[in-house]
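For reference, the chains in residue letters:
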Amino acid sequence: MLGEAEPQWLSEEVKTGTTIIAIEFNGGVVLGSDSRVSAGESVVNRVMNKLSPLHDKIYCALSGSAADAQTIAEMVNYQLDVHSMEIGEDPLVRSAATLVKNISYKYKEELSAHLIVAGWDRRGGGQVFATLKGLLTRQPFAVGGSGSSYVYGFVDAEYRKGMNKKECQQFVVNTLSLAMNRDGSSGGVAYLVTIDEHGTEEKVILGNDLPTFFDQ
């Protein structure tokens, strides 16, 4: 009826959640994410792939608003394609991360998204970049999303410099499994992308096949 106050939930900010991670190894990178898309207490998509290609050997991991993050990824993908044609070779990972940073900063008041950019290029090999509201920093590994707060201690304790590809893949799977177990906004299946000079390898690990730990 006229004059009635609108329900409180209409004016509340919708809480989103996810878990994303990327890590460098000698010669490439491994990215991983869960697949649950949530809006408040509701799960709106159980199997969304949050690892989005920006170019042949450059991917990003999406967190925040799914629509905002996908929009940024699509914009960067288009700009990288044009840039690649202009220079006549594949773009650098740092170039992709800089584009993400610039868009995130320019629209920081309108968009709610955090992207981790990772990939391989001829100049720097495997690289991982964290971007957030204009921040751009290269890290040996990066985690993000609501599930990351449950696993910071684990990744700090388990990360070792010089891990090979197989060890990094297991590191990513273990991190995702722990976060998905603790964080109600993370879940579903685990998506993995491994990138090196030879190309890109994508993998899906079903929830039942994820490693279990003592409390499970």
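Residues numbered from 1 in each chain as written. Predicted model: local features only at pLDDT ≥ 70, side-chain atom pairs only at ≥ 80, totals over all residues. Heavy atoms only, no water.

Sorry, what's going on with the environment of K203 here?
As for its position among the elements, K203 is in strand β12 (residues 199-205). On a C-alpha basis, the gap between K203 and G153 in space is 26 Å, while along the polypeptide they are 50 residues apart. With residues near it in sequence (within four places) discarded, K203 still touches A190, Y191 and L192. (Helix = DSSP H or I, 4+ residues; strand = E, 2+ residues; numbered from the N terminus. Contact = heavy atoms within 4.5 Å.)

Even after reading the chapter, I still don't get the nonpolar core, so can you show me in this structure?
For soluble globular proteins, nonpolar side chains are generally found buried alongside one another. Membership of the largest hydrophobic core comes to 22 residues, with the highest contact counts inside it found for L54, I72, V76, L115 and V117. Contributions of two or more residues to this core are made by β6 (58-64), α2 (66-87), α3 (93-106) and β7 (113-121). Among the elements that line this core, the one with the most residues is α3, at 6 residues. The residues touching I72, leaving out its near neighbours within four places in the chain, are V100, I103, S104, L111, A113 and L115. (Core = buried A, V, L, I, M, F, W, Y, C linked by side-chain atoms within 4.5 Å. Buried < 20%, exposed > 50% of the residue type's maximum accessible area, 1.4 Å probe, protein only.)

Before we go on, may I ask you to explain the packing of α2 against α3 in this structure?
Geometrically, a packed helix pair is captured by the angle between its two axes and the distance between the axes. α3 packs onto α2 with a crossing angle of 135 degrees between their chain directions and a minimal axis gap of 10 Å. Comparing their axes, α3 and α2 come out oblique. In the packing of α2 onto α3, the handedness of the crossing is right-handed. Residues I72, M75, V76, Q79, L80 and H83 of α2 form the contact with α3, whose participating residues are S95, A96, L99, V100, I103 and S104. (Axes fitted to C-alpha atoms, helices over the stretch in contact; angles between N-to-C directions. Parallel < 35°, antiparallel > 145°, perpendicular 65-115°, else oblique. Left-handed = near helix turned anticlockwise from the far one by under 90°.)

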